[in-house]
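Observations on the model geometry
Residue strings, one per chain:
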Amino acid sequence: MTERRSAALVIGAGIAGIQAALDIADAGFHVHLVEREPAIGGRMAQLDKTFPTLDCSSCILTPKMSAVARHPNVDLLTLSEVVSVETLKASRCEAGGAGEIAPSFHVRVRRKPRYVKVGVCTGCGLCADACRMKGRVSSEFDEGIARRSAIYVPFVQAVPLAYTIDESSCLNLTRGSCGRSFACADACDAGAIDFAESETVADLEVNAIIVATGFDLIDPRVKPEFGYGQYPEVMTGMEFERLVSASGPTAGKLLVNGREPSDVVFIKCVGSRDPHSGVPYCSRVCCMYTAKHAHLVRDRFPDARITVFYTDVRAFGKGYEEFYDRVRGEGVMYRRGEPSEIYRHNGKLLVLAEDTLLGRPVEVEADLVVLATAAVPRADAPTVAALLGLDRSADGFLREADPAFRPVETALPGVFLAGCCQGPKDIPDSVAQAKAAAASAIVAMVRASGMVRGRRSSGAQVGRRTES
Amino acid sequence: MRTQPLVEQMELMGCIQCGRCTGGCPLARKTALNIRSLIYDMLVAPEMDVHAHQELWDCTCCFTCVERCPKDVRPAELIIALRGEMVESGRIPETVGAALMGVFRQGNPSGIAREDRSAWVGDGPQPKAAQEGCELLYFVGCSPSYDPRLQTVPRTLARVFSQAGTDFGTLGTEENCCGSEVQRMGEAGLFEMLVEENGELIRRTGASRLVTTSPHCYTALKNEYALGKVEVLHYTQLLADLLAHGQLAFDREVPRIVTYHDPCFLGKHNQIYEEPRAVLNAIPGLQLVEMDRNRERSLCCEGGGGRMWAEGTNPEERLSAQRVEEAAATGADVLAVACPFCLLTLEDAVKVAGLEDQLRVMDVAELVADALDLPVTNQIGAPLARSTGPEREC
Amino acid sequence: MSLSRVGVYVCHCGTNIAANVDVARLAEFARSLPGAVLARDYPYMCSDRGQALIREDVSEQALDRVVVAACSPRMHEPTFRDAVRQAGLNPYMVEMANIREQCAWVHDDRARATEKATRLVASAVARAVLLEPLEERQVDVEPGVVVIGGGIAGLAATLTVAEAGYSAYLVERSGSLGGRVRELDRTYPTLDKVQVVLRELVSRVAAHPNVTILLRSSVTSVDGCVGDFTVEVKTRGANLGEGVDASRDSQTLVVGSVIVATGFDPFDPRRKPELGYGQYPSVITTLELEQRLAAGDLGDNGAAPRRVAFLQCVGSRDVQVGNPYCSRVCCMVVAKQARQLRGLMPDAEITVYYSDVRTFGKGAEEFYDETRAQGVLYRRASVSEIVRSQNRVRLVGEDTLLSRAIGVEVDLVVLATGMEAGADSASLSAMLRLQRSPDGFFLEAHPKLRPVDTATAGVYLAGCCQGPKGIADTIAHAKAAASSALIPLLRGSVQADAATAIVNPALCANCGLCVEECPYGAPALDPFRGVATVNALLCQGCGACAVVCPAKAISLQHATACQVLAQVDALMA
């Protein structure tokens, strides 16, 4: 493979960032893949199955994660955040055509200490077992359903497979001591623990930047009428994903209050299409993941009564409507109307709604309610936008150059968007957009490395033969 | 009636027929009221016979529909507008007509003589006349002024305001109905007149703050009057503020288990949930327990939206009965309210349910009186004789 | 067999395996297997330390084969192949025993799970001793791309390839570029003039020195494989393509990748005769309305319609016409057209009949809100029939929110016709060896993670030929296809997996069954030698040919009959 001078920066290592980095790296360019978390994979790693094919999410994602981590052209920077971006020059490229610009950027990345040496750590987990905070720290990856130690891996297939000491809960890092000696260090045979690690800074020169910082999910407490936080039976879609995941905290056993649910209600548009209490836009994925969730409940509990409340079912992607048809065929009841309130009556939760096709209010008993919460811009989207000099759309997501014709470019030459940082998207659309962003970045890097002229002439000679 | 003008005026095109309004509507569960369906009828049909929808008088204007609507359509306000159509045509329930006439003639919906409006003072000290100027104007409201059961509330509050050292006054017999219920009953013209007259009276006092007994007066004065610099408060807000600033302190234990019912016009209309609880929690010995449905999910007592003067299409099934059941289930011995209408409806429901020995309905002000050991407490639990039912004399 | 020196590595995978499998016992057992010279267990074999262990043993213990008992080979086989390659071994000398997904994760009886793991390891070792080194073939890549179809997908893909410095040949069967988008008036949600943007895109493509445009041209054959495709293009009549010899009507292009961007066909509403399309002039399609809007003439001869109805899902979500799927764009097209009509005819009644409003894209729900706010009425109703009613037409159906039958007289009905796979999909599919999904569109390699790749390396999908899409999604998809297509070009060479089928010419009877069976077109009959041969670059190693070969002349390398039988024997032992 040809060694090329130009490099790209990909910010965020969810599925969009991973795919963009892989395409650029496969094309022979160097990529710095910066991820804020200790492990890559993003939201997709948290999912159990994917619609409409019901592929196991981690089974299709982990090979991509290990491929990107193993790739010789990829420089993976976990626990890292971009702190400054400076456009160095916007020199006109001689060969790229009239007025084309080949910018380059100076990027500063802050690398937080892991306190564990990657490469030395074998991932054996003895440290986490020994940690005095074991079982006392809420697991972000498991949406708070499980507890972890202060030294941890987010999930077993984590890439890179190296433990991380969480600064906010480690006794030594928060209060300066941990008994007579550090329990984790004592347990580590490999000697991988290093409390002397400190924050470092990496300075990178790149010719293209792909922003793939993803999305957040709205806190369902913005709709207090659903009693989220008050009723253990009311959970978010993401919490449900972790509960049904074979690698999740319950090994895939779906129990609510210790019992198998028999009356399950799904509520969509929790915050979405709701300028009154949430966001005005449609979150684009909830209809399908709700159909998938309903299927997963049916798959486990053939006799459960499953109700999906909806206003419009948006099954628009390839094979999606067919999946929606299938789920209804499995005896999942779709009722038109959005629930208005949940309360407890005689021990059971009652979901109040109007069935708008019957034209009358209904009360549906539930021992499990799953809320399809809106996808919202990352809390730090304004910071990221400011850092790069990008605009945001009215909905708060990063703004593309043109919503119809230039969906991955931004107003800035050399800066591209991939995945949900630009707006909610399902996995195939995120992947397509990530590859599109990679293509744009490749073009920018080709220009920057001055490869264009040579290629162009050879292409014309070699590429076509005319026969008589 | 042509539908188009209201469709435009109320921006009904925003509706996506999701049904959250009717789904959350406490009345839709017991009557034919279906506001989602009414909106759709208005969208698809050019004409509508509003008189065929007597269930419009069932709405309590609890504003659950307004709070739940994702697209910011305001269904309850459509109901008010449709009632307005009926008021215009003159074909309205007799009791509603009488209430509106009472306000026209005597400044209160019960039509009791204006001269008796200060009767609530009883043997207590006569409050200062606000017309002579004051910092805090106490707007007593119609029902608390006239209803013997409710009069303990203003009586207590007047004492508390003095004790806290505020410079407060009342409008005495010049106080008029605030028009909150008049507006909800669809009588926009009368409401406009009241806004003008009361607004003038209030401004003339020079008060910088105005406090109300009733959340209904509060809603009208705060949101529908343009009182400029005058800060409008519900009394629970004022008490919470006085407590927070040390101007008020409770010295007597009130060893009761209390559950608090959020009035719609404080909660759903104005998002005031914490101040009444802060006042209750400040009372020594008092233990506050919550009903399952609280704050944003509080169940309407069915006393608002003009319902004190309109029986509705299903008077047999009462939401107040359900609410009292929920309160009793908490194990509380006091169901606390902060609204005169809630006090009346819920107290009735306690009696109907035969729960008098178990559960007492008290206004937060009455509990405050207990905690301050004010003499006015003597009258609590010994309410004066009064009629029951929605046509009661208030 | 005694010559082989196998090293066996049992991974704990933290506690993933170790919790349910006695890894120490498993390693001890492995040491006893014929051919095994050492066995170790280790917490994480995939860690840097784990890999180093293998490398050290290969050099110090002179291992010639390695068995790793760990997770699925899909996860870490590449890791361990890399590890032994670094130690100087052929990467095909690694065998994995999946004792995680296929054992530890699915059993909870530790004793029996351990027993199963021993069999899996024995089986892997039995196969390992029979492994043979294989050489991966490298092929130089022709630095060009053929893009089939000159709609916006083809244009976007072409421009991206050209801008990256490679020759792009854009083959378009009609006489002009732009495809379906040429018929559109405005974009959603921004209501920009489509033709302005399209003209700019077309002129950028046309002006690019790396681009060759072949109008009135079709691809007649595609041969070869990734890196080296030979594409025959036939051109009808004069060609406007710059730099192309106009005197020839057929030419051969040799390129590294092919991008298929052949678009869709609109649903023909005559297939729903109950809607009266073709019979009543006042029943038109969204595409026709779009053309009228673009032309600035509603075709109403000045008599502005007073009542307009839009019908969603015509030919979509409709199994009766064979299209169970949603066409994805119609809801927004209708919202946009309804908004445009509202602007042109402020007094008209405009109603959209829908069953679900699918306004899901960026700014789409907001656009739908604004459309209603401007006075477009949305009715949840299905129209079953359209009949003439004097000089108007009457919609007959049910309003599902009113739960009652309705009949509405209107002046203009706009049918939101969906998208279907292009009529030429079948022939293209045969020529390009592309599979099609049940909906008729071309099938991508993986519905989630490989939306533009196909089962044939080097052939990529762009735009609506893979499924209905709006403009933004089409452009993203097309650029994504360009990314996939550019990768082999930028690398300069492609490597083919060596685990491919080979033919033993001595046994081959030249019957051709393998040629028929192969979905990838890898085997071919050699007319001179009278035997079949397999193109290693096309072969995906599926083994279908080996199974059908009556003479057992074909074997699949790295999964030979010998290796598989040894594996089975060890499992059953």
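Residues numbered from 1 in each chain as written. Chains lettered and ligands numbered in written order. Predicted model: local features only at pLDDT ≥ 70, side-chain atom pairs only at ≥ 80, totals over all residues. Heavy atoms only, no water.

The secondary structure content of chain A amounts to 11 helices and 25 strands. Here the C-alpha radius of gyration of chain A, 24 Å, is about what a compact globule of 468 residues would show, namely 23 Å. Along the three orthogonal principal directions, the C-alpha set of chain A runs to about 75 × 75 × 45 Å. Within chain A, buried positions represent 63% of all 468 residues. Only carbon and sulfur atoms are counted for the fraction: they give 48% of the accessible area of chain A, which is about 16,400 Å². Positive and negative side-chain charges of chain A, numbering 55 and 57 respectively, have mean locations separated by a distance of 3 Å. (Helix = DSSP H or I, 4+ residues; strand = E, 2+ residues; numbered from the N terminus. Rg over C-alpha atoms; globule rule 2.2 N^0.38 Å. Buried < 20%, exposed > 50% of the residue type's maximum accessible area, 1.4 Å probe, protein only. Areas by Shrake-Rupley, 256 points an atom, 1.4 Å probe, with all protein chains shown as cover. Lys, Arg positive; Asp, Glu negative; His and termini not counted. Charge placed at Lys NZ, Arg CZ, Asp CG, Glu CD.)

The next subject is the overall build of chain B. Summing up its helical and strand segments, chain B has 16 helices and 9 strands in all. In terms of C-alpha radius of gyration, chain B reaches 20 Å, essentially the compact-globule figure of 21 Å for 394 residues. Projected onto its principal axes, the C-alpha coordinates of chain B cover approximately 65 × 50 × 35 Å. In chain B, once contacts between residues fewer than 6 apart in sequence are set aside, the share between residues at least 24 apart is 77%. By element, 47% of the accessible surface of chain B is carried by carbon and sulfur atoms, the whole surface being about 13,900 Å². Here chain B contributes 37 positive and 56 negative side-chain charges, whose respective centroids are spaced 2 Å apart. (Contact = heavy atoms within 4.5 Å.)

Attention now goes to the interface of chain B and chain A. With 26 residues of chain B at the interface, the matching set in chain A holds 32 residues. Of the roughly 2,400 Å² buried between chain B and chain A on both sides combined, carbon and sulfur atoms contribute 42%. Broken down residue by residue, the surface that chain B buries against chain A is led by Arg20, Arg29 and Arg297 of chain B, which jointly contribute 27%. Counting across the chain B and chain A interface gives 5 salt bridges. Notably, a salt bridge pairs Arg29 of chain B with Glu363 of chain A, separated by 3.4 Å at the nearest N-O pair. One can count 24 residue pairs in polar contact (both at pLDDT 80 or more) joining chain B with chain A. Residue assignment for the side of chain B that touches chain A shows that the elements contributing at least two residues are α2 (20-24), α4 (64-68) and α14 (319-329) of chain B. (Buried area = accessible area lost by both parts, 1.4 Å probe. Salt bridge = Lys/Arg side-chain N within 4 Å of Asp/Glu carboxyl O. Polar contact = N/O pair within 3.5 Å; in protein donor to acceptor, adjacent residues only side chain to side chain.)

So, on to the interface of chain A and chain C. Facing the 95 residues of chain A at the interface are 94 residues of chain C. Counting the surface lost from both chain A and chain C, the interface buries some 7,500 Å², and carbon and sulfur atoms represent 56% of this. The tally of links from chain A across to chain C stands at 12 salt bridges. In this structure, the salt-bridge partner of Arg273 of chain A is Glu365 of chain C, at a minimum N-O distance of 2.7 Å. With 15 residues, helix α10 (residues 427-448) of chain A is the largest single contributor of residues to the side of chain A that touches chain C. Grouping the amino acids of the side of chain A that touches chain C by side-chain chemistry returns 45 nonpolar, 21 polar and 29 charged. (Nonpolar A, V, L, I, M, F, W, Y, C, P; charged D, E, K, R; others polar.)

This paragraph deals with the pattern of salt bridges. In this structure the tally under the stated criterion is 90 salt bridges over all chains. Here Asp185 of chain C makes a salt bridge to Lys193 of chain C, at a shortest N to O gap of 3.5 Å. A residue is classified by how much of its surface remains accessible, and Asp185 of chain C, at 3% relative accessible area, is buried. Between Glu349 of chain C and Arg307 of chain C there is a salt bridge, and its shortest N-O distance comes to 3.0 Å. With Glu349 of chain C in strand β16 (residues 349-354) and Arg307 of chain C in strand β15 (residues 307-314), this residue pair connects regions lying 42 residues apart in the sequence. Taken together, the shared-partner salt bridges connect Lys223, Glu225, Asp274 and Glu341 of chain A together with Arg68, Arg293, Arg323 and Glu326 of chain B into one network.

To continue, consider unusual backbone geometry. For the peptide bond that leads from Phe51 of chain A to Pro52 of chain A, omega is -5°, which places it in the cis range. Inspection of the secondary structure puts Pro52 of chain A in the loop between β3 (49-50) and β4 (55-56). Located in the positive-phi region is Arg433 of chain C, a residue other than glycine, with phi close to 55°. Structurally, the position occupied by Arg433 of chain C is in the loop between α11 (425-432) and β22 (459-461).

Fair warning: the whole summary comes from geometry, so function is off the table for now.
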